[in-house]
Amino acid sequence: MSTPAPLDRRTLLGGSAGALGLLVAGSSAPFAAHATAAQTTRLAAGYGPLRPAGELLALPEGFSYTVLAESGTTTVGGYAVAGSQDAMGAFARAGGGSTIVCNHEIGGADDGAVPHVDGLVYDRGAKGGTSTLVVDADNTVLEHYTSVAGTVDNCAGGITPWGTWLTCEETDERAGTHEDDGVTYTFEQDHGYVFEVDPTSQAANIGKANIPLKFLGRFEHEAAVVEEATGRIYLTEDADEPNGLFYRWTPPAGYRQGKGALHALAADGAVEVGTLEALVAFERNGTHVTDLSKATKTNTTYTVSWVEVPDRDARESPIREQLADDEVTRARKLEGQWWGDGGVYVVSSYARSDDGSLHEHDGQVWFFDPRKQTITLTTIFAVNEDGAGVDGPDNITVSPHGGLVLAEDGEGASQLIGVTDQGKAYRLALNLVDDSEWAGPTFDAAGTTLFANIQGDPGRTFAITGPWGRPSNARESARG
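Rules and cut-offs
- Residues numbered from 1 in each chain as written.
- Predicted model: local features only at pLDDT ≥ 70, side-chain atom pairs only at ≥ 80, totals over all residues.
- Heavy atoms only, no water.
- Helix = DSSP H or I, 4+ residues; strand = E, 2+ residues; numbered from the N terminus.
- Rg over C-alpha atoms; globule rule 2.2 N^0.38 Å.
- Buried < 20%, exposed > 50% of the residue type's maximum accessible area, 1.4 Å probe, protein only.
- Contact = heavy atoms within 4.5 Å.
- Areas by Shrake-Rupley, 256 points an atom, 1.4 Å probe, with all protein chains shown as cover.
- Lys, Arg positive; Asp, Glu negative; His and termini not counted.
- Charge placed at Lys NZ, Arg CZ, Asp CG, Glu CD.
- Pairing = 2+ DSSP bridges.
- Axes fitted to C-alpha atoms, helices over the stretch in contact; angles between N-to-C directions.
- Disulfide = S-S within 2.5 Å.
- Salt bridge = Lys/Arg side-chain N within 4 Å of Asp/Glu carboxyl O.
- Polar contact = N/O pair within 3.5 Å; in protein donor to acceptor, adjacent residues only side chain to side chain.

Moving on: the overall build of the protein chain. Of the regular secondary structure elements, the protein chain holds three helices and 35 strands. The C-alpha radius of gyration of the protein chain comes to 21 Å, within 12% of the 23 Å expected for a compact globule of 480 residues. Principal axes of the C-alpha set define a box for the protein chain whose edges measure 60 × 60 × 45 Å. Residues counted as buried form 60% of the 480 residues belonging to the protein chain. For the protein chain, restricting intrachain contacts to residue pairs at least 6 apart in sequence, the fraction spanning at least 24 positions comes to 63%. On the protein chain, roughly 17,100 Å² of surface is accessible, and the fraction owed to carbon and sulfur atoms is 45%. If you average the places of the 33 positive and of the 67 negative side-chain charges in the protein chain, the two averages end up 7 Å apart.

In structure tokens, the structure reads:
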């Protein structure tokens, strides 16, 4: 990415509303009535100007936060909290409150580790995994425990219709000895898989959560989304040289989705189960779109078809190298995705010409409609030249109050960005400490708490509450 000068956070809080210099976030199916072509625009008011809500975050007036977990500390039950917190899924808890499954993006050369627990470890040489937080209705932490361990770079994932969490490894490292930044480490297993975590208890994951779902492919996974009507699973790939792909897994005949169904398919380590395919996009006139960065205007819509992956376990070469540019559609940074409005919202974090992209941008959000088999650009952020704008959207969630919430992993200020259901962006939260990325935004079932992480040193998990309701689509005032 470009490396603009750091942005002063106090200046940002009182700065010009137009400073973010976005291209307007128009929209697809759910926002179609308000859709326009991309143009420079001011931010929407959202929930209002950001003000310090404590030492760590700036939030709109009336909002507050609680720190649920901090890496390097010991929490309830003597649990040692790991760092590099990333994507999360929140599940309703009987009696009120939530159970939150949290990814930890820890690689072989990184410090810290998700604590290994017998029956939950995939690879004794690996440090990543997921932890599970249980909170009551007041967001008081009741339990904190390991739910899977011995994985690598658990980045994003997705909630299934049957109430589990798919956690994805953003790596394709194989078993063996590796070296990174002068650190040597050894893996006992190949990596680059998806694992399924049950939020109901630690015991429910023993001997199950550490089973890789190899049929979903071995590549640098980012996120996973399940289509409830069909059981198909959509998967993003954050990779380059060449740029990554958007995948679809179709289950085999006779498959009945539900808790335990994926583990049953994976129990014997089978790879060729169902069909794994990569997306191919076409313009209305039939022209093949080689890279999603080709689209520079919101509401650009492409039709979609799919090409089968030759070797989904990548035994000889990465999957994205097995398919030529004239066979598939690529994107530089396919990141988070989330199911909503009858389809999948998919993030492309940024694109640059020197990484093979056709046009440059600092963030796209696409909407894939599985019924129509189309993909539509709903949001695009211009290149953030001076660090004062939005860039590097990564994780995403659909807000129960309308629109989307995006977690920034870019340059300059570190923010949570909202997008109204009329297609305008607004600032929702600001990291006051440093420029460490936001990750894992997800709402509780009641829609009263937004859980989110900041990957810093220390990394922290937050519960953000306030007067939610529908964010204002009105133009933000010039001064906060």
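Before going further, it helps to examine the sheet that holds strand 13 (residues 154-159). Strand order in the open sheet formed by three strands is 13-14-17, with antiparallel pairing between adjacent strands. The two strands at the open ends of the sheet, each matched to only one other strand, are strand 13 and strand 17 (194-197). Taken over all neighbouring pairs, the strand axes of this sheet differ in orientation by 25 degrees on average, direction set aside.

Turning our attention to the sheet that holds strand 29 (residues 404-408). Strand order in this open sheet of six strands is 4-5-31-30-29-28, and the pairing throughout is antiparallel. Each having just a single partner strand, strand 4 (50-52) and strand 28 (393-398) make up the two edges of the open sheet. In this sheet, adjacent strand axes meet at a mean angle of 30 degrees when their direction is disregarded. Inspection of the sheet shows strand 5 (residues 57-60) paired to strand 31 (residues 425-431) by two bridges, in the antiparallel sense.

Within the fold, Trp-339 resides in strand 24 (residues 334-340). Note: C-alpha distance between Trp-339 and Val-225 (114 residues apart in sequence) is 6.4 Å. When neighbours within four sequence positions are excluded, Trp-339 is seen to be in contact with Val-225, Val-226, Glu-227, Val-344, Pro-370 and Val-398.

Next up on the list: the state of the cysteines. Chemically, a disulfide is nothing more than a covalent bond linking the sulfur atoms of two cysteines. Under the counting rule described, the total for this entry stands at zero disulfides. Just so you know, Cys-155 is unpaired, no disulfide at all, and the nearest cysteine sulfur is the one on Cys-168, 8.6 Å from it.

Turning next to the pattern of salt bridges. Following the criterion strictly, the structure yields 18 salt bridges and no others. Of the charged contacts, one joins Asp-198 and Lys-259 as a salt bridge, the two residues approaching to 3.5 Å between their closest N and O atoms. One end of the pair, Asp-198, is in the loop between strand 17 and strand 18 (221-226); the other, Lys-259, is in the loop between strand 20 (246-250) and helix 2 (261-266), and 61 residues separate them in sequence. For Glu-272, the salt bridge goes to Arg-312, with nearest N and O atoms at 3.5 Å. Here Arg-312 lies in the loop between strand 23 (301-308) and helix 3 (319-322) and Glu-272 lies in the loop between helix 2 and strand 21 (275-282), a separation of 40 residues in the sequence. The exposed category is assigned to Glu-272, whose relative accessible area is 51%. Look at Arg-312 and you get buried, because its relative accessible area is 3%. The network of salt bridges with shared partners includes Glu-220, Glu-237 and Arg-320.

Next up on the list: the pairing of strand 29. In terms of burial, strand 29 is largely enclosed, as five of its five residues are buried. Judged by which residues are buried, strand 29 turns out to be covered on both faces: Leu-404, Leu-406 and Glu-408 on one side and Val-405 and Ala-407 on the other are all buried. As paired elements, strand 28 and strand 29 share four bridges and run antiparallel to each other. Bridging across to strand 29, Val-398 finds its partner in Leu-404. Joining the antiparallel neighbours strand 28 and strand 29 is a turn of five residues, in which Gly-402 adopts a positive phi near 105 degrees. Two elements, strand 29 and strand 30 (residues 415-419), share four bridges in a ladder whose sense is antiparallel. Across the sheet, the residue bridging to Ala-407 is Leu-416, located in strand 30. Here strand 29 folds back onto strand 30, and the loop between the two strands holds six residues, one of which, Gly-412, carries a positive phi near 70 degrees.

Our focus in this paragraph is the side chain of Glu-335. One can find Glu-335 in strand 24. A distance of 3.1 Å separates the side chain of Glu-335 from the side chain of Lys-333, its partner in a polar contact. Beyond its immediate stretch of four places on either side in the chain, Glu-335 contacts Glu-222, Ala-223, Thr-236, Asp-238, Val-347, Ser-349, Pro-393 and Asp-394.

Along the chain, Asp-86 falls in strand 9 (residues 85-92). Separated by 103 residues in sequence, Asp-86 and Gln-189 place their C-alpha atoms 23 Å apart. The residues touching Asp-86, leaving out its near neighbours within four places in the chain, are Cys-102, Asn-103, Glu-105, Asn-154, Cys-155, Ala-156, Asn-395, Glu-437, Ala-439, Gly-440, Asn-453 and Gln-455. Within the structure, Asp-86 has its side chain in polar contact with the side chain of Gln-455 (distance 2.6 Å).

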